[in-house]
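Structural overview for review
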Amino acid sequence: ETANAFFSAQIPDRIKHHLQIPSLPIYLRYTSTDTFCPPKLQNMADKVREAMQRIAKNIPKGSMPSGPSGGGSGAAAAAGKAVTALGAAGALSYGAYNSIFSVEGGHRAVMFNRFTGMKSTLYGEGLNFNIPWFETPYVYDIRTRPCNLQTLSGSKDLQMVTIGVRVLHKPDPNKLVWIYQHLGKNYDERILPSLMNECAKAVVARYNANELLTKRDLVSADIKAELVRRAGLFNVKLEDVAITHLSFSPEYARAVERKQVAQQDAERAKYIVIGAQQEKQTIITKAKGEAESATLIGLSVKKNPGFMSLRRIDAARDIAGIVSTSGNKIYLNADSLLLNLLGDADDKFEKSIKKPGKWL
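The following paragraphs examine the structure supplied in this document. Position numbers for residues count from 1 along each chain, tracking the sequence in the order it is written. For a predicted model such as this one, the threshold for reporting local features is a pLDDT of at least 70, and the threshold for listing and counting side-chain atom pairs is 80 or more; totals across whole chains, interfaces and linings nevertheless cover every residue. Derived side-chain values reflect all non-hydrogen atoms in the structure, with water molecules and hydrogen atoms excluded from consideration.

**A look at the overall build of the protein chain**
Test applied: Under the scheme used here, helices are H or I runs from DSSP no shorter than 4 residues and strands are E runs no shorter than 2 residues, and both carry numbers assigned from the N terminus. Only protein chains enter the accessibility calculation, which uses a 1.4 Å probe; a residue is then buried when its area is under 20% of its type maximum, exposed when over 50%, and partly exposed in between. The contact rule is simple, with two residues in contact once any of their heavy atoms fall within 4.5 Å. Working definition of accessibility: Shrake-Rupley area with a 1.4 Å probe, residue cover restricted to the visible protein chains.
From N to C terminus, the protein chain includes eleven helices and eight strands. Scored against the burial criterion, the 360 residues of the protein chain give a buried share of 28%. Considering only residue pairs separated by 6 or more positions, the protein chain has 65% of its internal contacts joining residues 24 or more positions apart. Counting only carbon and sulfur atoms, one obtains 57% of the accessible surface of the protein chain, whose full area is about 23800 Å².

**Comments concerning the pattern of salt bridges**
Inclusion rule: Salt-bridge detection follows one rule: a side-chain nitrogen of Lys or Arg within 4 Å of a carboxyl oxygen of Asp or Glu.
Enumeration according to the criterion identifies eleven salt bridges in this entry. Here K170 ties to E239 by a salt bridge, and the two come within 3.4 Å at their closest N and O atoms. On the criterion of sequence distance, the pair formed by K170 in strand β7 (residues 160–171) and E239 in strand β8 (residues 236–248) is long-range, its members being 69 residues apart.

**Some details on the packing of aromatic side chains**
To describe a pair of aromatic rings, you give the distance between the ring centres and the angle between the ring planes. Our working definition: We call Phe, Tyr and Trp rings a pair once their centres come within 6.5 Å, taking the six-membered ring for Trp, and we label the pair stacked below 30 degrees between planes, edge-to-face above 60, and tilted otherwise. Put simply, a charge is over a ring when the Lys NZ or the Arg CZ is close to the ring centre, within 6 Å, and near the line of the ring normal, within 35 degrees.
Under the defined criterion, the tally for this structure stands at five aromatic pairs. Centroid distance W133 to F134: 5.0 Å. Interplanar angle 85°. Geometry classified as edge-to-face. Judged by its relative accessible area of 30%, F134 is partly exposed. By way of ring pairs, the aromatic residues F115, W133 and F134 are connected into one cluster. Above the plane of the ring of W133 lies R114, whose end atom (NZ or CZ) is 4.5 Å from the centre. In this structure, K185 packs its charged tip against the face of Y140, placed 5.7 Å from the ring centre.

**Examining the sheet that holds strand β5 (residues 135–141)**
To be explicit about the condition: Strands are treated as partners if at least two bridges between them are detected by DSSP. Fitted lines through C-alpha atoms give the axes, limited to the stretch in contact for helices. The angle between two N-to-C directions lies from 0 to 180 degrees.
Strands sit in the order β3-β2-β5 across an open sheet of three strands; the sheet is antiparallel. Both outer strands of the open sheet, β3 (117–123) and β5, are each paired with one neighbouring strand and no more. Along the sheet, successive strands turn relative to each other by an average axial angle of 25°, direction set aside. With four bridges connecting them, strand β2 (residues 107–113) and β3 associate as antiparallel partners. Looking across to β3, one finds that N113 is bridged to G117.

**Some details on helix α8 (residues 216–232)**
Threshold: The span expected for a helix works out to 1.5 Å for each residue beyond the first. Along the arc lie the directions from the helix axis toward the C-beta atoms.
Spanning 17 residues, α8 covers 24 Å between terminal C-alpha atoms, matching the ideal 24 Å at 1.5 Å per step. Considered for burial, the residues of α8 that qualify are V219, S220, I223, E226, L227 and A231. Buried positions in α8, seen along its axis, are confined to an arc of 135° and lie on one side of it. For α8, the elements touching its buried residues are β7, α6 (187–204), α7 (209–214) and β8.

**With respect to the packing of α6 against α8**
What counts, and what does not: With respect to orientation, any angle under 35 degrees is reported as roughly parallel, any angle over 145 as roughly antiparallel, any angle of 65 to 115 as roughly perpendicular, and every other angle as oblique. For a crossing to be left-handed, the near helix must be turned anticlockwise from the far one by less than a right angle; the clockwise case is right-handed. The nonpolar class holds Ala, Val, Leu, Ile, Met, Phe, Trp, Tyr, Cys and Pro. Asp, Glu, Lys and Arg form the charged class, and all remaining residues, Gly among them, are polar.
Packing of α6 against α8 brings their axes to within 9 Å, and their N-to-C directions diverge by 140°. Taken together, the axes of α6 and α8 lie oblique to each other. For the pair α6 and α8, the sense of crossing is right-handed. Across the interface between the two elements, L195, M196, E198, C199, A200 and V203 from α6 touch V219, D222, I223, E226, L227, R230 and A231 from α8. Split by residue class, the contact of α6 with α8 holds nine nonpolar, no polar and four charged.

**Brief notes about the sheet that holds β7**
Spatial ordering of the open sheet is given by β6-β7-β8, a layout of three strands whose pairing is antiparallel. Unpaired on one side and paired on the other, β6 (145–154) and β8 mark the two borders of the sheet. Ignoring which end each strand starts from, the neighbouring axes of this sheet average 20° apart. Direction of pairing for β6 relative to β7: antiparallel, over a ladder of ten bridges.

**Quick notes on a nonpolar patch on the surface**
Counted only if it meets this: Nonpolar side chains (Val, Leu, Ile, Met, Phe, Trp, Tyr) within 5 Å and like charges within 9 Å form the patches, drawn only from residues with over 30% relative accessible area and no salt bridge.
Side chains of I100, L127 and F129 sit close together on the surface and give an oily, nonpolar patch of about 330 Å² of accessible area. Examined against the element boundaries, L127 turns out to sit in strand β4 (residues 126–129). A residue is classified by how much of its surface remains accessible, and L127, at 55% relative accessible area, is exposed.

**What about the side chain of N113?**
Test applied: Two N or O atoms form a polar contact when they lie within 3.5 Å of each other; inside protein one atom must be a possible hydrogen donor and the other a possible acceptor, and for residues adjacent in sequence the pair counts only when both atoms belong to side chains.
Mapped onto the secondary structure, N113 falls in strand β2. Here the side chain of N113 touches T116 through a polar contact of 3.3 Å, landing on its backbone nitrogen. Dropping the residues within four chain positions of it, N113 is found in contact with F134 and E135.

**Notes on α6**
Here α6 spans 26 Å end to end across 18 residues, near enough to the 26 Å set by a 1.5 Å rise per residue. Every buried residue of α6 is accounted for by Y187, D188, I191, L192, L195, M196, C199, A200, V203 and V204. Across the axial projection of α6, the buried residues extend over an arc of 155°, all falling on one side. Residues of α6 that are exposed and point more than 90 degrees away from the buried face comprise E189 and R190.

**Details of the nonpolar core**
So the rule is basically this: The set of buried Ala, Val, Leu, Ile, Met, Phe, Trp, Tyr and Cys residues whose side-chain atoms join them within 4.5 Å is what this entry labels a nonpolar core.
Grouped together as the largest cluster of nonpolar side chains are 36 residues, with contacts concentrated most on I163, L212, I223 and L227. Elements with a contribution of two residues or more to this core: β7, α5 (176–182), α6, α7, α8 and β8. Here this core takes nine residues from α6, the largest share from any one element. Residues contacting I163, with those up to four places away along its chain left out, are L149, Q150, T151, A200, V204, I223, I243, H245 and L246. Listed in part, the five residues of the second largest apolar core include F101, V103, A109 and M111.

Below, the structure is given as structure tokens:
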């Protein structure tokens, strides 16, 4: 009854009663509203209808008798054979096209059967075969792929830290059937973000803020070990885990900057103190030198009165050199300029010293 209803809906009324076909191909037994009818079978049914419409247009109106006898039976038999041949060709094309599938390099395939469920066989690279409509292949990419995550976490000393983690992962090729049954095709989107977020926060909480910078390699190793352990439960392999970004809150960054400035000021003050001490030592040394020089000069004057004459000669030589090279005209007493070396200036100087209270 289903086949007759379908066949009546597809063939024009002009030649409907002239075609006597004992049986229809099995793919014509599905109606367009049946949920089990594949779309390609519906396309074949549409082609059959178009072919019957073309046949109806080519048959003259007066050439068909009203009964099943005569020349009409021959035309009906020819049309039935054409429909059968067209259906067989369509079914063969559909089976040939959908019975093979290709797996590219770096991929593996698993098979789902409508009757038995998932098959345990893994399909490698190249051309593979399946039963059309009853079996559906699902291809997985088993090459290494990256996954990035950036999260905000707290350190051991309650400082907020923004950390970015990059993971290189791939599925276990021998566990693809389990992965499809439990996680599906987008397994990485289902498990990796939550695992990376949890592991990164758990490891960061073990270190202080300054240790996250000074012990970055240990932090990365701890995150990798935790992620490998957790991802192994889902048959996902991790090849590398790296920390790509690490930053602190603005308040902590400003506190660190102020601390560095204070340390620099302390170092600067320490150098200033050291410089003052060196300057003090220099002044003391200079004073000691001048005192010793004055003492030696006094002793020299007491022991040898001619020492003052020698110093006077040195002073006169320096004054004479300055006056001779100067462009100004100077008219002063030679005694005032200490240039009278042959006069009685020395006697006058000694007499003035001998007078009591003169140099007080």
